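Chains, contacts and geometry: an overview
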Amino acid sequence: MAKKKEVIPTIDPASIQVLELAEEQHISTVFSRAAAMAPCPIGADGACCKVCSMGPCRLVGKATRGVCGATLGTVAARNFARMVAAGVAAHSDHGRDLAFTLIGVADGEAGGYEIRDPAKLYGVAGYLGIPTEDRTDKEIARDVGTKALEQFGQQRGEVTWTARATQKRQKIWRDRRLMPRGIDREIVEIMHRTHMGVDMEAENILDQAMRAALADGWGGSMLATDISDILFGTPGPVQSVANLGVLKDDEVNIIVHGHEPTLSEMIVIACLDPELIEYARAKGANGINLAGICCTSNEVLMRHGIPPAGNFLQQELAIITGSVEAMVVDVQCIMQSLGELVQDYHTELITTSPKAKIPGAVHIELSEHDALSTAKEIVRRAIDNFPDRGKTDIPAVKEGLVAGFSHEYLNYMQGGELRGSFRPLNDAIVSGRIRGAAGVVGCNNVRVTHDDATSNIIRELIANDVLVVVTGCAAHAAAKYGSLSPEMMEKAGSGLKEVCETIGIPPVIHLGSCVDNSRILTVLTQMATEGGLGEDIDDLPAVGICPEWMSEKAISIGTYFVASGAYVLFGGGSPVSASEQVIQLISAGWESKVGGKLEFYEDWRDIVAKSLEHIDKKRAALKLTDYKPDRFGASGDWRIGEFEALPLEEKIGAVYGLPAAAP
Ligand code: BF8
């Protein structure tokens, strides 16, 4: 990432089409700006220290120390830890706001919101030790929300959600002093330790980075997912379509973009309001079309089948189609360029969070007390914009998908209400039908070819009988190239295909947004405790991959997976490549400490090779059958042949029990 190099912008045909249009019309995009501006190699490699005004010190060439004497290892570790702190803060603040909303619902002060999944509420209350007998849902919800809020300001003890990890893992965290005490405390402690003149031992700084990251994965993110499920429903399979082609020429297009489901859930309801649909018709539109970008998109896709218009690098492109009446944003991964870009279009950019204002946007703050009214006001404004629409250029590119797989639903798919478990999946791994599992997650980054590494890694892994779960913008990438469609079973290795057909799961499973990476933690924990695959996450034949990372949140996610025992491979550049000491500490050093390690590889082929090597190494350590690609695939039901001959829509219905209607 450090060096200026020619990068093919994207492999996505829809994005290529809009980028050609942008070039013709001299419209600035993240792609054109990246081509014009090389990243600073010193900062990119982690060798720039700017924590005091004696610098910034650039530790390159003969300069191996800053003016205060800070070594390259200390500087790179400090920079890394600060990225983790920002990532933990972003995910966890999202969780905090959801806890406030849950308490608001319990107190009758959050009009429009309700408890949509009481079963999940009871489940969460159960593992938090909150009594449920003879109590109303609201009383329980108040306690769950209060317990969640306590995690932020807690000074001593352990973040409660960490109790969902295996006993072995909890002991590692206690023994190594990595157990997070309170979410805010761990973030603050990183900022303190990395202030000028405090912690100067790279290993000690990186330990705190792990502790804070655990407060994200097993704290802020996990409670955010739990509360989202309680308030908005735990996802189950839904079908939809993905890419810019989901925008409609004859309807009012509204895009929700950002991260928190609090706003987007209300926009979903507002878009279904008959009065507003009628209002849209009165303005000459055939209806209201809601679509998403980034993780907000994943939230409303998982629960309502709202189509994703694109991932991170497509946010500007959606506006350049000329077809978007309103882009409604809340927090995180929103480019400032949108504020300027919309000045050339009829699109209104609407900010809704007091934490995130953008020059050039209209600010309509989401009131938690009356969120539906705010949502309706926003939708009405979008409709008012429709008559101002000029020429549109919507690429006719979209792909069918199935999403909506929660941890709960995966249990259900493997045994129904009475015998839900991970037994079939574990058995399939033990027998070698499935070689292992991989989480492919994270962002797009304009410094690497958009979607290229992600989509190739997914295809290679499933062809090698590795079951893949996806989240975040990687999930959008999976969807856009057909990897979330039942058709993808044809591309899976013969053993994986057999299992997927038998238990009715696709070879690539969409588990949600980036905070929903916490679902992967609990899935892995259940696999480890189900039996046959060791005792803990570091025993599993599994890897975590972030092929096109961009944000500080991705660094936090990678770090908490490592601290939970996983081998994590990132694509693109390493933010610590300047320091051999830190490269070693987060790889071999962390492996000896917690069983997981973090490595960076620029070529996706290396990521695939390293992943398969690791999976096979773990299989051997567990004394499982050697993996042989052609051993399976011949057994099974004679009806599979008939199934394979079905048209796609009927296939979706047959596998997921969804109606056969087109999405
Ligand atoms: O939280 S994957 S670009 S949208 S940071 Fe951002 Fe990265 Fe996308 Fe979701 Ni996650």
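Refer to the structure above for everything that follows.
Residues numbered from 1 in each chain as written. Predicted model: local features only at pLDDT ≥ 70, side-chain atom pairs only at ≥ 80, totals over all residues. Heavy atoms only, no water.

**Side note on the overall build of the protein chain**
- What the protein chain contains, in helices and strands, is 27 helices and 16 strands.
- The principal-axis extents of the C-alpha atoms in the protein chain amount to approximately 70 × 65 × 60 Å.
- Split into buried and exposed, the 663 residues of the protein chain put 62% on the buried side.
- The long-range fraction of contacts in the protein chain, counting pairs at least 24 apart against all pairs at least 6 apart in sequence, stands at 76%.
- Accessible area of the protein chain: about 24,300 Å², with a carbon and sulfur share of 52%. (Helix = DSSP H or I, 4+ residues; strand = E, 2+ residues; numbered from the N terminus. Buried < 20%, exposed > 50% of the residue type's maximum accessible area, 1.4 Å probe, protein only. Contact = heavy atoms within 4.5 Å. Areas by Shrake-Rupley, 256 points an atom, 1.4 Å probe, with all protein chains shown as cover.)

**Re the coordination of the nickel atom of the ligand**
- The protein supplies the nickel atom of the ligand with one donor atom, Cys514 (SG), which lies at 2.2 Å.
- Its four donor atoms give the nickel atom of the ligand angles of 91 to 160° at the centre, a pattern that matches the irregular case.
- Take cysteine 514: it is sitting in the loop between strand 13 (508–512) and helix 22 (517–530). (Donors = N, O, S within 2.8 Å, 3.2 Å for Na, K, Ca; no water. Tetrahedral: all angles 85-135°; square planar, octahedral: opposite > 155°, others 65-115°.)

**Quick word on helix 21 (residues 494–503)**
- Among the ten residues of helix 21, seven are classified as buried, and the element is accordingly described as predominantly covered.
- Burial in helix 21 covers these residues: Gly495, Leu496, Lys497, Glu498, Val499, Cys500 and Ile503.
- Following helix 21 by one or two positions, glycine 504 has its phi on the positive side, about 75°.

**Here we look at the site of the ligand**
- In the neighbourhood of the ligand, the contacting residues comprise His259, Cys294, Cys295, Phe312, Cys333, Gly442, Cys443, Cys473, Cys514, Met550, Ser551 and Lys553.
- Measuring from an oxygen atom of the ligand, one finds a side-chain N or O atom of histidine 259 at 2.7 Å.
- Interatomic distance of 3.0 Å between a side-chain N/O atom of lysine 553 and an oxygen atom of the ligand.
- When grouped by side-chain class, the residues that make up the shell around the ligand number eight nonpolar, three polar and one charged. (Near = heavy atom within 4 Å. Polar contact = N/O pair within 3.5 Å; in protein donor to acceptor, adjacent residues only side chain to side chain. Nonpolar A, V, L, I, M, F, W, Y, C, P; charged D, E, K, R; others polar.)

**Observations concerning the nonpolar core**
- Val144 and Ile267 are the most contacted members of the largest nonpolar core, which totals 171 residues.
- Among the elements that take part in this core, helix 9 (residues 202–232) stands out by supplying 17 residues, more than any other.
- Those residues in contact with isoleucine 267 that lie beyond four places of it in its chain are Val256, Leu290, Val328, Ala375, Ile378 and Val379.
- In this structure, Tyr345, Val397, Val446 and Cys473 belong to the second largest nonpolar core, which totals 38 residues. (Core = buried A, V, L, I, M, F, W, Y, C linked by side-chain atoms within 4.5 Å.)

**A look at the packing of aromatic side chains**
- All chains considered together, the criterion is met by nine aromatic pairs.
- Summarising the aromatic geometry, the rings of phenylalanine 405 and tyrosine 409 are spaced 6.3 Å apart at their centres and angled 70° between planes, so their arrangement reads as edge-to-face.
- Through pairs of rings, three or more aromatic residues link up here, namely Phe405, Tyr409 and Tyr412.
- The positively charged end of arginine 380 is found above the aromatic ring belonging to tyrosine 279, 4.5 Å away from the centroid.
- When the ring centre of tyrosine 567 is taken as reference, the NZ or CZ atom of lysine 597 above it lies at 4.6 Å. (Phe/Tyr/Trp six-rings, centres within 6.5 Å; stacked < 30°, edge-to-face > 60°. Lys NZ or Arg CZ within 6 Å of the ring centre and 35° of its normal.)

**With respect to the environment of tryptophan 161**
- Position of tryptophan 161 among the secondary structure elements: in the loop between helix 6 (137–153) and helix 7 (167–175).
- Assessed through its relative accessible area of 0%, tryptophan 161 is described here as buried.
- For the pair tryptophan 161 and leucine 128, spaced 33 residues apart in sequence, the C-alpha to C-alpha distance is 7.6 Å.
- The residues contacting tryptophan 161, other than those within four sequence positions of it, are Val124, Tyr127, Leu128, Lys147, Ala148, Gln151, Trp218, Met222, Leu223 and Asp226.

**Brief notes about the packing of helix 11 (residues 274–282) against helix 15 (residues 371–385)**
- Helix 15 packs onto helix 11 with a crossing angle of 15° between their chain directions and a minimal axis gap of 9 Å. Overall, the two elements helix 11 and helix 15 adopt an arrangement that is roughly parallel. The chirality of how helix 11 crosses helix 15 is right-handed. Across the interface between the two elements, Leu276, Tyr279 and Ala280 from helix 11 touch Lys376, Val379, Arg380, Ile383 and Asp384 from helix 15.
- Looking at the contact of helix 11 with helix 15 residue by residue, the class counts come to five nonpolar, no polar and three charged. (Axes fitted to C-alpha atoms, helices over the stretch in contact; angles between N-to-C directions. Parallel < 35°, antiparallel > 145°, perpendicular 65-115°, else oblique. Left-handed = near helix turned anticlockwise from the far one by under 90°.)

**Points about unusual backbone geometry**
- Cis geometry marks the peptide bond from glycine 55 to proline 56; its omega dihedral reads 0°.
- Structurally, proline 56 is set in the loop between strand 1 (48–49) and strand 2 (57–58).
- We note that arginine 177 has phi near 55°; this positive angle belongs to a residue other than glycine.
- Within the secondary structure layout, arginine 177 lies in the loop between helix 7 and helix 8 (183–193).

**Points about the side chain of glutamate 599**
- Here glutamate 599 is to be found in strand 16 (residues 597–600).
- Among the residues examined, glutamate 599 registers a relative accessible area of 14% and is labelled buried.
- Within the local environment of glutamate 599, its side chain forms a polar contact with the side chain of serine 587, the two groups lying 2.9 Å apart.
- With sequence-adjacent residues up to four places away left out, glutamate 599 is seen in contact with Tyr567, Val568, Leu569, Phe570 and Ser587.

**Some details on the side chain of arginine 389**
- Examined against the element boundaries, arginine 389 turns out to sit in the loop between helix 15 and strand 10 (399–403).
- Residue classification places arginine 389 among the buried positions, given a relative accessible area of 13%.
- At a separation of 3.0 Å, a polar atom in the side chain of arginine 389 contacts the main-chain carbonyl oxygen of serine 323.
- In this view, arginine 389 contacts Lys248, Asp249, Asp250, Glu251, Val252, Asn253, Gly322, Ser323, Glu325 and His346; residues no more than four positions away in its chain are not counted.

**Focus on the environment of isoleucine 230**
- Within the secondary structure, isoleucine 230 is located in helix 9.
- Separated by 128 residues in sequence, isoleucine 230 and leucine 102 place their C-alpha atoms 8.5 Å apart.
- Apart from residues lying up to four places away in sequence, isoleucine 230 is in contact with Leu102, Glu114, Ile115, Arg116, Asp117, Lys120, Leu121, Val124 and Val144.

**Brief notes about the sheet that holds strand 7 (residues 324–329)**
- If you walk across this open sheet you meet the six strands as 6-5-4-7-8-9, and the pairing is parallel. Pairing within the sheet leaves two strands with one partner each, and these edge strands are strand 6 (308–310) and strand 9 (362–363).
- In this sheet, strand 7 lies alongside strand 4 (residues 252–258) in parallel orientation, the contact comprising five bridges. By the bridge assignment for strand 7, isoleucine 254 is matched with alanine 326. (Pairing = 2+ DSSP bridges.)

**Things to note about the sheet that holds strand 14 (residues 542–546)**
- Taking strand neighbours across the sheet as the criterion, the six strands line up as 13-12-11-14-15-16 in an open arrangement whose pairing is parallel. Both edges of this open sheet fall to strand 13 and strand 16, since each of them pairs with a single strand only. Across the sheet, the mean angle separating the axes of adjacent strands is 20° when strand polarity is ignored.
- Pairing geometry for strand 12 (residues 466–471) and strand 13, over four bridges, is parallel. If you follow threonine 471 over to strand 13, its bridge partner there is glycine 512.

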